[in-house]
Amino acid sequence: MPKKIKIIFLGTSAFGVPLYEAIGQDARFELVLTVSQPDARAGRGRQIRPSTIKTIAQKHNWPVITPAGIKDASNTISSLRPDLLVLCSYGQIVPSEILAIPRFKALNIHASLLPRYRGAACVQAAILNGDQESGLTLMQMDTGLDTGPIIAQKKIKLNGRETSPLLLEILSQAAPDFFRENIILWLEQKITPRPQVEKDASYAPKLTKEDGLIDWQQPNIKIDRQVRALLPWPGTYTFLPDRKYLKILSGFPGQPVAAAKPGEIQYIGNEFAVACLKSYFILGKIQLSGGRPLEAKIFFNGHKEYLGKNFFSAPDCKIES
RNA sequence: CGCGGGGUAGAGCAGUUGGCAGCUCGCCAGGCCCAUAACCUGGAGGUCGCCGGUUCAAAUCCGGCCCCCGCAA
């Protein structure tokens, strides 16, 4: 390839950073523009802050724009005459008029083995469903939500103890090599994308705060998956017997038992555990609102009054601070 | 000015009609026991976040400051 490939990168979250920097620093490519989501109020104090990708762009002095709607950037994008458009967790559907601009098309790197888990919470979905494997998909974009034909995939085996932040990190770090291994073949048109098998498709819609509420009537395996999957947001939570909001940050499933009263807090084998459906969930780290994260053992050592009482997971418990 | 909780012994917490600072765990010493994460006895350990004010007397009331955290995104 005699000439540099002109790339426009679309991304917002930290997940895309390794890939983004790899592209920006690759001599074969010329990063002509970065498109990210607009600055938004976030965090305590609701300060206005830029997206992670925008922050990285500014650090390298790479050109970046943050249109409210990607359509607003349509003219800017076409005037740069990009050869390729690469998207990684950008957060907006890109319309066909923009997808049609680059001659090597618009590609998306998605953190699941499509057609499984189209959508935003793809990594969480893999853990929530107890999948044996996860991975990355390089795909050609169309106007649907992660529906375009697949160019390449990379599988990652799961050991069943991953948390979302960890798996996200693993996939994020794997993205640059995965991209480099396939992009040249793509540019040389040695790969024919294959359409997704529609009947195998599933969706992982954005999570909500409600998804984090623990139902102690479930088997401990499910609760364990929920705890690992929903970090760091929305997080899993329950309510103490006096209805204080309590985050469950970690734990693991205990041995099955016949008679367990779901929700009951118990001291078992030198650990603090909560009864769920025919089993116990051993508590690891927990966090009260206003408090820092700490081992359940440390907290309950000073609160023996909770033993034998029940956690609430009733919907009438308001989420309060 | 988005809403809110908190800084008290090594850890987690209680303690506002102001009056010599408490609980659980841990730690040290000893005891019981085949043994123990169990139990019993004794012990060490605190400028009550910082500064100032009110008062005979402040962890507790008033003012200012620093730090930590939850919700919300």
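Residues numbered from 1 in each chain as written. Chains lettered and ligands numbered in written order. Predicted model: local features only at pLDDT ≥ 70, side-chain atom pairs only at ≥ 80, totals over all residues. Heavy atoms only, no water.

J.: Any chance you could break down the domain arrangement of chain A for me, citing the residues and the numbers?
T.: The domain boundaries assigned to chain A delineate domain 1 (5-200) and domain 2 (209-306). Relative placement of domain 1 and domain 2: their C-alpha centres are 35 Å apart. The interface of domain 1 with domain 2 comprises 11 residues on the first partner and 11 residues on the second. Both sides of the domain 1 and domain 2 interface together cover about 830 Å² of buried area, and 55% of this is carbon and sulfur. When the buried area of domain 1 at its contact with domain 2 is split by residue, Ile127, Leu128 and Arg161 rank highest and sum to 50% of it. Here domain 1 and domain 2 share 1 salt bridge between them. Its salt-bridge partner being Asp224, residue Arg161 comes within 2.8 Å of it at the nearest N-O pair. (Domains from an automatic or database assignment. Contact = heavy atoms within 4.5 Å. Buried area = accessible area lost by both parts, 1.4 Å probe. Salt bridge = Lys/Arg side-chain N within 4 Å of Asp/Glu carboxyl O.)

J.: Could you give an account of the sheet that holds strand 10 (residues 236-239), with specific residues and numbers?
T.: Here 4 strands make up an open sheet; going across it, the order is 10-11-16-17 and the pairing antiparallel. The sheet terminates laterally at strand 10 and strand 17 (294-295), the two strands that pair on one side only. Of the strand pairs in this sheet, strand 10 and strand 11 (residues 245-248) are connected by 4 bridges, and their pairing is antiparallel. For Thr236, the partnering residue across the bridge sits in strand 11 and is Ile248. (Pairing = 2+ DSSP bridges. Helix = DSSP H or I, 4+ residues; strand = E, 2+ residues; numbered from the N terminus.)

J.: Quick rundown of the packing of helix 1 (residues 17-24) against helix 2 (residues 52-60)? Include the residues and the values.
T.: Look at helix 1 against helix 2: their axes get within 10 Å of each other, and the N-to-C directions meet at 30°. Viewed along their axes, helix 1 and helix 2 adopt a mutual orientation that is roughly parallel. Handedness of the crossing formed by helix 1 with helix 2: right-handed. Within the contact between the two elements, helix 1 uses Val17, Tyr20 and Glu21 and helix 2 uses Thr52, Ile53, Ile56, Ala57, Lys59 and His60. Here the contact of helix 1 with helix 2 is built from residues that sort into 5 nonpolar, 2 polar and 2 charged. (Axes fitted to C-alpha atoms, helices over the stretch in contact; angles between N-to-C directions. Parallel < 35°, antiparallel > 145°, perpendicular 65-115°, else oblique. Left-handed = near helix turned anticlockwise from the far one by under 90°. Nonpolar A, V, L, I, M, F, W, Y, C, P; charged D, E, K, R; others polar.)

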